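Here are the chains, one letter per residue:
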Amino acid sequence: MTIQTPREDVRSQATERLGALATPPGALGRLGELAVWAAACQGEVPPRPIDHVRLVIFAGDHGVAGHGVSAFPPAITGAMVRTFLAGRAGVNALATAHGVEVRVLDLGVDEDFDDLDATTREALTEHKIRRGSGAVHLEDALTAEETSRALEAGAAVACEEIAAGAQLLISGDMGIGNTTPAAAMVAAGLGLPASEVTGRGTGIGDEAMRAKAEVISQALTRAGERADDPIETLAALGSADLAATTGFLLEAARRGTPVLLDGLMSVACALTADRIEPGAAQWYAAGHRSTEPAQSVALEKLGLVPLLDLDLRLGEGSGAVAAVPVVRSAVALLRDVALLSELGA
């Protein structure tokens, strides 16, 4: 399925309507721009209210987590997956506050969740690719076959969420050490050195930062020219959860469903999706700016300006969920504000 652009004729109509609202010219600022984007994605003016927002959290473990790149041990990944399922994580609180439905999927967590009841475990692991992904500075994250399966899994999940009525999708993440492969993916996609993409992730100190930058540098050197190909990049430098997220974002764009991006992992996958099929990024908006440098440089490449800048680095999809009311506000303004022509003045 070829990716189409959001409707340019509708974008023009929405822009015209924005200029005709009973507000001073330009007074709505970026809310007006966001509303026009939403209308173009929907293909309708005025746009429909965005009532159905669905977040999918892609979870997986990363071999690099055992090499000093994170402030937390790998066991936290599984513990947090259970916390999501219990509805007690940070993103759950935000999702409840803003009417966002949450789905959690284990693509590559290094455990089997045998303590969960059979129904919950089956739903959680139905798209599982493997237990943990390779340490990318030493070996490939995935085989070619696993990479293909992960991309297909993410695409299938996007189709399921759209069929369930999603008007706006969000991808979330959970995986100790995941900012390391995500930063490597951005470096590969933009031809940058490790020094320009390495961030503090979960809050590591200076020594761990140096170790993390070295791991990313080694990974890029090991990948070599394979980094020029986005799918090879996923296999060499990514992970099961990041490859599935990329497939999810690609399929959303193919099906004309807008996506609100979250932090580094979401944006690294969006960059990779746009490398695979240029034009995919037209269906994405940036929910927030994280504290990770790789996210900022990737957003700049994609031409996306974050809606929020709150120094968030929680992950999980939390920054994008926090931005959902902004998107809904923008749509409400373009839909419900009177036109100057209706004032009778």
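Here we summarise the structure given alongside this text. (Residues numbered from 1 in each chain as written. Predicted model: local features only at pLDDT ≥ 70, side-chain atom pairs only at ≥ 80, totals over all residues. Heavy atoms only, no water.)

## Points about the environment of Thr2
Then, number 1: When you line up the elements, Thr2 lands in the segment before helix H1 (8-20).
Then, number 2: For Thr2, a relative accessible area of 60% puts it in the exposed group.
Then, number 3: Put simply, Thr2 and Arg210 are 208 residues apart on the chain and 42 Å apart in space, counted from C-alpha to C-alpha. (Helix = DSSP H or I, 4+ residues; strand = E, 2+ residues; numbered from the N terminus. Buried < 20%, exposed > 50% of the residue type's maximum accessible area, 1.4 Å probe, protein only.)

## Quick word on the nonpolar core
Then, number 1: Leu249, Leu260 and Tyr284 are the most contacted members of the largest nonpolar core, which totals 112 residues.
Then, number 2: If you tally residues by element for this core, the top one is helix H10 (residues 240-254), at 9 residues.
Then, number 3: Beyond its immediate stretch of four places on either side in the chain, Leu249 contacts Ser171, Val259, Leu261, Ser266, Cys269, Ala270, Ala273 and Tyr284. (Core = buried A, V, L, I, M, F, W, Y, C linked by side-chain atoms within 4.5 Å. Contact = heavy atoms within 4.5 Å.)

## Concerning empty space enclosed by the protein
Then, number 1: Inspection of the entire model under this criterion finds 1 cavity of 30 Å³ or more.
Then, number 2: Reported here for the largest cavity is a volume of approximately 30 Å³.
Then, number 3: For the lining of the largest cavity, the secondary-structure elements that each account for two or more residues are strand S3 (168-174), H10 and helix H11 (264-276).
Then, number 4: Ranked by residues supplied to the lining of the largest cavity, first place goes to S3 with 3 residues. (1 Å grid on protein atoms, 1.4 Å probe; cavity = no way out; pocket = protein on both sides within 12 Å on 5 of 7 lines; lining within 4 Å. Points joined across faces, edges and corners; volume = space filled by probe spheres on them.)

## Here's the deal with the pattern of salt bridges
Then, number 1: Throughout the structure, instances matching the rule amount to 24 salt bridges.
Then, number 2: With a closest N to O distance of 3.1 Å, Glu126 and Arg103 form a salt bridge. Linking Glu126 in the loop between helix H5 (118-125) and helix H6 (144-163) with Arg103 in strand S2 (residues 100-108), this pair joins segments that are 23 residues apart in sequence.
Then, number 3: On the accessibility criterion, Glu126 (44% relative accessible area) is partly exposed.
Then, number 4: Here Arg103 ties to Glu160 by a salt bridge, and the two come within 2.8 Å at their closest N and O atoms. Taken as a pair, Arg103 in strand S2 and Glu160 in helix H6 lie far apart in primary sequence, 57 residues in all.
Then, number 5: For Arg103, a relative accessible area of 18% corresponds to the buried category.
Then, number 6: What makes Glu160 partly exposed here is its relative accessible area of 32%.
Then, number 7: The structure contains a network of salt bridges with shared partners spanning Arg54, Glu101, Arg103, Glu126, Glu160 and Glu161. (Salt bridge = Lys/Arg side-chain N within 4 Å of Asp/Glu carboxyl O.)

## A closer look at helix H9 (residues 230-237)
Then, number 1: Here H9 lies mainly inside the structure; 6 of its 8 residues are buried.
Then, number 2: Within the span of H9, buried status applies to Pro230, Thr233, Leu234, Ala235, Ala236 and Leu237.
Then, number 3: Close packing links the buried residues of H9 with H6, helix H7 (179-190), helix H8 (206-223), H10 and H11.

## Describing the pairing of S3
Then, number 1: The buried count for S3 comes to 7 of 7 residues, which makes it a mostly enclosed element.
Then, number 2: Here S3 shows two buried faces, one formed by Leu168, Ile170, Gly172 and Met174 and the other by Leu169, Ser171 and Asp173.
Then, number 3: Pairing between strand S1 (residues 53-60) and S3: 7 bridges, direction parallel. Bridge pairing in S3 links Arg54 to Leu169. (Pairing = 2+ DSSP bridges.)

## A closer look at unusual backbone geometry
Then, number 1: Going from Val45 to Pro46, the amide bond is cis rather than trans, its omega being -5 degrees.
Then, number 2: Tracing the chain through its elements places Pro46 in the loop between helix H2 (29-42) and S1.
Then, number 3: Positioned with a positive phi, Phe113 is a non-glycine residue whose angle comes to about 55 degrees.
Then, number 4: With respect to the secondary-structure elements, Phe113 resides in the loop between S2 and H5.
Then, number 5: We note that Glu316 has phi near 75 degrees; this positive angle belongs to a residue other than glycine.
Then, number 6: With respect to the helices and strands, the residue Glu316 is situated in the loop between strand S7 (308-312) and helix H13 (318-336).

## Re the pairing of S1
Regular strands have side chains that alternate between both faces of the sheet.
Then, number 1: Burial runs high along S1: 8 of the 8 residues are buried.
Then, number 2: What you see with S1 is no split at all: Val53, Leu55, Ile57 and Ala59 on one side and Arg54, Val56, Phe58 and Gly60 on the other are buried throughout.
Then, number 3: One ladder, built from 8 bridges, connects S1 with S2; its direction is parallel. Bridging from a neighbouring strand, Leu55 pairs with Val102 of S2.

## Brief notes about the packing of H7 against H9
Then, number 1: One way to put it is that H7 packs onto H9 with a least axis distance of 10 Å and a crossing angle of 150 degrees. Relative to H9, H7 is oriented roughly antiparallel. Considering only the axes of H7 and H9, their crossing is right-handed. For the pair formed by H7 and H9, the contact residues are Pro181, Ala184, Met185 and Ala188 on the first element and Thr233, Leu234 and Leu237 on the second.
Then, number 2: Residues that form the contact of H7 with H9 fall into these classes: 6 nonpolar, 1 polar and no charged. (Axes fitted to C-alpha atoms, helices over the stretch in contact; angles between N-to-C directions. Parallel < 35°, antiparallel > 145°, perpendicular 65-115°, else oblique. Left-handed = near helix turned anticlockwise from the far one by under 90°. Nonpolar A, V, L, I, M, F, W, Y, C, P; charged D, E, K, R; others polar.)

## Some points on the environment of Phe84
Then, number 1: Relative to the helices and strands, Phe84 is located in helix H3 (residues 75-85).
Then, number 2: The class for Phe84 is buried, based on a relative accessible area of 3%.
Then, number 3: C-alpha of Phe84 to C-alpha of Glu316: the two residues are 232 residues apart in sequence and 9.2 Å apart in space.
Then, number 4: Setting aside residues no more than four positions away along its own chain, Phe84 makes contact with Ile57, Ala89, Val91, Asn92, Val104, Met174 and Glu316.

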